[in-house]
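Residues per chain, in single letters:
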Amino acid sequence: MSSLFFSTLREDPVEAEVPSHILLLRGGYIRRCAPGIYSFLPLGWRVHAKIEAIVREEMDLIAQEIHLPALLPREPYELSNRWTEYGDEIFRLKDRKGNDMLLGPTHEEIFTLLVKDVCSSYRQFPLSLYQIQWKYRDEARPRAGVLRGREFLMKDSYSFDLDDEGLAASYAAHRAAYMRIFDRLGLDYVAVHAHSGAMGGSASEEFLCPSEVGEDRFVTCPKCGYASNLEAAEVPGSTTGAPMVEVPPAQVVDTPGAGTIDSVVACLETHHPRGDRPWRAGDTLKNLALMVRSPSGDETPLIVGIPGDRELDQRRLEAHLYPATFRPMSDEDFSAHPELVKGYIGPRAAGIRYLLDAMVQPGSSWVTGANQPDRHVVGLVVGRDFEPDGSVLAADVREGDPCPRCRGELRMQRGIELGHIFALGRKFAAALGLAVLDQEGKPVTVTMGSYGIGISRIVAVLAEKNHDDAGLVWPRRVAPADLHVLVAGRSDGATSEAAQRLAAECSARGLTVLLDDRPGLSAGERFGDADLLGMPTIVVCGRGVARGLVETKDRATGERSEIALDEAAGRLESLVSQRR
RNA sequence: CGGGGAGUAGCGCAGCUUGGUUAGCGCGCCUGCUUUGGGAGCAGGAGGCCGCGGGUUCAAAUCCCGCCUCCCCGACCA
């Protein structure tokens, strides 16, 4: 360690907030170069390499490794339309001739073109390729060190099949490989349903590691195991043949000045109390007036109805409307649609397209706008009094909501996205003209899958999941070294000699050793750094050396034991190999 | 993009309200001696474009204007 390129920090750096970020900086694993861009020092790079090796081993069983450039030309992304669609997130640059270039945010296009270049016959399929490559995304807000950087290392793979069954098999193979990888890394994970969104395609799952510092929220059902991110979470279907609620015909009531959910509830409570219980926000149907913008730029109005006690979940609605986008109606939009009575909008206002959230079940009765100033309707029944143009998932999902599969109570958690698998289908192959000849000599468009694992992010996730107050606690499989040997107590020459000899013996047996031979440090500093750096086993050469003993400490459990110096190397070797 | 906070030595900070010697403290760093099982002691030393630009003033880290950057929360994000 006297020559190891690193230095520890005694105090928490201001730039870091989450534990993994703080500890990786303090331990000298990483250093910030620019916002969201990090340098890896030797210790950090070794962890990185260990993770990479595990990923590579498992990927080699199902795919072939290749390596594509990170610096890419514009054209392929133009063809797939992502030069535009990706927006500000792409790092763009120009070469000296003025040609547009980019730093690859993901490589679907380039893989597709490469396969197109190399393959022309059905005989060359199925095919799966992968690379481990730096990716660049100009994130609006990078956070938490390498947990979400603007440059990050990613294993990305792509499968190419001729038919849907083949794609399903490739998808399943990746899914299984991912589970093996995360198991070997000792990471908890949940495979959640995800929306394929901008990537297009059908099936998509995210592998999330539950963590408070995670940016993704997801729901799980403890009863049946259903798991989904919020964007894709479903809502229980209507109970079949549910009888229409026995309510009197819908009645229009005056609700002057009640243009918000709260004021409607208050107004009804005063003037039209219901007999059984007070009115609640959940009795109302909130109708949101939106403008939907298609990719071609046309804007059309849309009204979405959600329960009055819920908020619109922008991402869920966006996923539903994709590739169109939406925004709330502005005052100008309302002026352009005078038939809409702001604050009193009801279903089917003036023939504007009306979508109803799936939580609003057929046969249920609601209070909602009457499409007239200062008036609401009470007892409006879905399916009896009006039919929506369609159903959407737009209202926010909450802890305790019923599970769509078994109606158990959903639990909400945060998680960090470790990996994501997509069954893409033919979107990219079609856009880029990847078709090969089948057995009858006819061209078929290839169907693809794309699969990613964030390797540099996993360095942070492992740190996040494996630390205590004193520092990092690396699992053996990814620790930068097997042993941390340090000298404590009087450095009378004998102890430090013993430490050096022990380190050399262990290295000769194939163990990696971090030897703290830094001059002039107090014992406390050495112990402190050993705990901070987090090697799984710490070996203390101290006052015991005089009696031929050294002490081992298990970083994770804190368990200490004394072993004879003569047999220490052998004992440590078996300790390391049996627990690796 | 919205909200909040911050830029002073390698790191963490004080000083700014109320302008005024040579800009300070802790840690780290260098030299020497002492010390040595949980972040040592003494002595000496190096290290600053006080974010940038302009303004006010006899005088600006401090007051005024403009800009830049970073961090956090939210929005957004395969």
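The residue numbering used here restarts from 1 in each chain and proceeds along that chain's sequence as written. For naming, the first written chain is A and the first written ligand is 1, with later ones following in the order written. Two thresholds apply to this predicted model, a pLDDT of at least 70 for residue-level local features and 80 or more for giving and counting side-chain atom pairs, whereas whole-chain, interface and lining totals are computed over all residues. Only hydrogens and water are set aside; all other atoms, that is, all heavy atoms of the structure, feed into the side-chain values.

Asker: What is the right way to read the domain arrangement of chain A from this model?
Answerer: What marks off one domain from the next here is an automatic or database domain assignment. What the domain assignment lists for chain A is domain 1 (19–234 + 412–463), domain 2 (251–392) and domain 3 (481–579). Between domain 1 and domain 3, the residue contacts involve six residues of the former and five residues of the latter. Using a 1.4 Å probe, buried area is obtained as the accessible area two parts lose upon being combined, added over both of them. Summing both sides of the interface, domain 1 and domain 3 together bury roughly 510 Å²; the carbon and sulfur share of this comes to 60%. If you sort the residues of domain 1 by the area they bury against domain 3, Tyr29, Leu43 and Arg46 come out on top, with a joint share of 58%. Here, a salt bridge means any side-chain nitrogen of Lys or Arg that lies within 4 Å of a carboxyl oxygen of Asp or Glu. On the surface where domain 1 and domain 3 come into contact, there are zero salt bridges. Polar contacts here mean pairs of N or O atoms no more than 3.5 Å apart (in protein, one a potential hydrogen donor and the other a potential acceptor; neighbouring residues in sequence count only if both atoms are side-chain atoms). Where domain 1 packs against domain 3, one counts one residue pair in polar contact (both at pLDDT 80 or more). Secondary structure elements are defined from DSSP: runs of H or I of at least 4 residues count as helices, runs of E of at least 2 residues count as strands, and each element is numbered from the N terminus. The set of elements that each furnish at least two residues to the side of domain 1 that touches domain 3 consists of helix 1 (19–26) and helix 2 (42–59). It only takes one pair of heavy atoms within 4.5 Å for two residues to be counted as in contact.

Asker: Explain the sheet that holds strand 18 (residues 365–372) to me, please; I cannot follow it from the model alone.
Answerer: In a beta sheet, neighbouring strands are held together by backbone hydrogen bonds and run either parallel or antiparallel to one another. Strand pairing is assigned whenever DSSP detects at least two bridges linking the two strands. One open sheet holds the three strands; their spatial order is 13-19-18, and the pairing between them is antiparallel. One side of each edge strand has no neighbouring strand; the edge strands of this open sheet are strand 13 (251–254) and strand 18. For this sheet, the mean inter-axis angle between neighbouring strands, taken without regard to orientation, is 30°. Direction of pairing for strand 13 relative to strand 19 (residues 375–381): antiparallel, over a ladder of four bridges. Each residue of the ladder has a partner; that of Val253, found in strand 19, is His376. The axes used here are C-alpha line fits, helices contributing only the stretch in contact, and every angle between their N-to-C directions lies in the interval 0 to 180 degrees.

Asker: What exactly am I supposed to notice about the packing of helix 2 against helix 6 (residues 164–184) here?
Answerer: Look at helix 2 against helix 6: their axes get within 10 Å of each other, and the N-to-C directions meet at 150°. Taken as axis vectors, helix 2 and helix 6 run roughly antiparallel relative to one another. Of the two elements, helix 2 crosses helix 6, and the hand of that crossing is right-handed. On helix 6, the residues touching Ile54, Val55, Glu57, Glu58 and Met59 of helix 2 are His174, Tyr178, Arg180, Ile181 and Arg184. Three categories are distinguished: nonpolar for Ala, Val, Leu, Ile, Met, Phe, Trp, Tyr, Cys and Pro, charged for Asp, Glu, Lys and Arg, and polar for the others, with Gly belonging to the last. Here the contact of helix 2 with helix 6 is built from residues that sort into five nonpolar, one polar and four charged. Roughly parallel means an angle under 35 degrees; roughly antiparallel means over 145; roughly perpendicular covers 65 to 115; every other angle is labelled oblique. Should the near helix be turned counterclockwise from the far one by less than a right angle, the crossing is left-handed, whereas a clockwise turn marks it as right-handed.

Asker: I'm lost on the protein's contact with RNA strand B in this one. Help?
Answerer: Throughout, near means a residue has at least one heavy atom within 4 Å of the molecule or strand. Taken together, 45 residues lie near RNA strand B, and Arg137, Met154, Gly489, Arg490 and Asp531 sit nearest. Take the atoms of RNA strand B that sit within 4 Å of the protein: sugar and phosphate atoms are 53% of them. Contacts to RNA strand B include Arg148, whose side-chain N or O atom sits 3.1 Å from a base oxygen. Contact distances for RNA strand B include 3.2 Å between a sugar or linking oxygen and a backbone N or O atom of Glu525. Those elements giving two or more residues to the surface near RNA strand B turn out to be strand 8 (151–161), helix 8 (314–321), strand 21 (411–425), helix 13 (523–533) and strand 30 (549–554). Per-element accounting of the surface near RNA strand B gives the leading share, seven residues, to helix 13. Considered class by class, the residues forming the surface near RNA strand B number 13 nonpolar, nine polar and 23 charged.

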